[in-house]
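If you want the building blocks of each chain, they are given just below.
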Amino acid sequence: MSENNGASGPSQGSHSQLPAVQLAGAGVIVTGAARGIGAALARAFAAEGARVVVNDVDADGARALAEELGAFAVLGDAATETGVSLLVGSARELLGSIDVYCANAGIGPAGTEQAPEDVWSAAWEINVMAHVRAARELVPGWLERGSGCFVSTVSAAGLLTMLGSAPYAASKHAALAFAEWLAATYRHRGVRVHAVCPQGVRTRMLDESGPGGQALLAAGAIEPEQVAQAVIRGLSEDKFLILPHPDVAEYYAARAADPDRWLGGMNKLQRGIEAQLGR
């Protein structure tokens with residue numbers, strides 16, 4: 001007799017249609033919004049008529065963007081339990097209700113499994129636990145009212161991997177897993193979840209990604225504004241996976257269809273990077 005613990009799930013399922021997200025007048029939080037993808041998201045939501053809270057540890061950058069958009073700046077760390085609680089509490093006072101939460105703040109440290117404990121810990125706290133802590137604050141209220149939207153900036157690294165950064169690859173896989181869990185658990189109760197998975201984006205993180213990151217991502221990099229517009233479209237189309245680089249879907253399918261072949265291809269890329277760097 002076999003035991004079914006629900007881990008694999010049904011082979012087919014229906015995608016229940018939820019009412020379209022109404023962004024005009026919606027209360028939106030964007031974390032990591034002082035620059036890059038976060039700033040582009042804040043601008044895109046504001047252009048749709050949303051009331052936006054800009055959050056970042058960069059106080060000057062957050063204030064400047066909030067002033068530009070006629071938005072609100074709530075400063076502080078959106079990763080810690082205290083920081084998330086203060087952010088959500090302040091946003092509720094400013095907006096009245098929080099309809100969309102963009103868990104966008106993230107870091108991409110380079111390193112192998114030998115990266116120091118503090119590097120691994122920081123990647124986990126910012127790239128994963130920030131999302132968990134935000135959901136703890138928001139989901140109960142969303143379930144009570146029957147609606148809410150959680151947007152997780154994951155990265156294609158969460159679907160595939162990121163050569164040159166074990167902490168980033170592992171933490172982004174976890175961020176995707178958490179977003180999937182939220183969607184599977186709460187969609188029927190009105191909570192929609194979106195996982196944004198771009199590849200290279202022309203941001204400071206790409207600039208600081210080192211030779212490996214540049215070799216992999218720079219050629220196909222897009223602007224943060226293109227990611228933001230993909231998010232707006234993804235919300236309107238009610239897509240869980242938002243892929244600003246469409247070819248990521250092909251890579252993801254190839255990975256699932258033949259993991260050994262895909263891993264062989266990634267190892268070939270790794271060897272090429274090492275050859276470029278003279279290793």
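Residues numbered from 1 in each chain as written. Predicted model: local features only at pLDDT ≥ 70, side-chain atom pairs only at ≥ 80, totals over all residues. Heavy atoms only, no water.

Novice: Please clarify how the nonpolar core should be interpreted in this entry.
Specialist: Generally speaking, nonpolar side chains in soluble globular proteins are found buried as a group. Counting 41 residues, the largest nonpolar core has Ile29, Val53, Leu87, Tyr101, Leu138, Phe150 and Leu182 as its most contacted members. Contributions of two or more residues to this core are made by α3 (81–95), β4 (100–103), α4 (117–145), α5 (166–186), β6 (191–196) and α10 (259–276). Per-element tally for this core: the top contributor is α4, with eight residues. Formed by 33 residues, the second largest nonpolar core is a distinct cluster that contains Val30, Val151, Val201 and Leu235. (Core = buried A, V, L, I, M, F, W, Y, C linked by side-chain atoms within 4.5 Å. Buried < 20%, exposed > 50% of the residue type's maximum accessible area, 1.4 Å probe, protein only. Helix = DSSP H or I, 4+ residues; strand = E, 2+ residues; numbered from the N terminus.)

Novice: Would you mind showing me how to read the sheet that holds strand β1 (residues 27–30) here?
Specialist: Paired through backbone hydrogen bonds, the strands of a sheet run either parallel or antiparallel to each other. Taken in spatial order, the seven strands make up an open sheet running β3-β2-β1-β4-β5-β6-β7, and their pairing is parallel. Two strands close off the open sheet at either side, each with one partner strand: β3 (72–75) and β7 (241–242). In terms of strand pairing, strand β5 (residues 148–153) meets β6 through six bridges, oriented parallel. By the bridge assignment for β6, Val151 is matched with His194. In the packing of α4 onto the sheet, the strands contacted are β4, β5 and β6, and the crossing angle to β5 comes to about 160°. (Pairing = 2+ DSSP bridges. Contact = heavy atoms within 4.5 Å. Axes fitted to C-alpha atoms, helices over the stretch in contact; angles between N-to-C directions.)

Novice: Where do I start with the packing of α4 against α5 in this structure?
Specialist: A pair of packed helices is captured by two measures, namely the crossing angle of their axes and the spacing between those axes. Here α4 crosses α5 at 15°, and the two axes come no closer than 8 Å. Compared by their axis directions, α4 and α5 come out roughly parallel. The two elements α4 and α5 meet at a crossing, and its hand is right-handed. Judged by residue contacts, Val119, Trp120, Ala123, Trp124, Asn127, Val128, His131, Val132, Ala135, Val139 and Leu143 of α4 engage Ala166, Pro167, Tyr168, Ala170, Ser171, Lys172, Ala174, Ala175, Phe178, Leu182 and Tyr186 from α5. In terms of residue class, the contact of α4 with α5 is built from 18 nonpolar, three polar and one charged. (Parallel < 35°, antiparallel > 145°, perpendicular 65-115°, else oblique. Left-handed = near helix turned anticlockwise from the far one by under 90°. Nonpolar A, V, L, I, M, F, W, Y, C, P; charged D, E, K, R; others polar.)

From the geometry alone we can't say anything about function, so treat these as descriptive.
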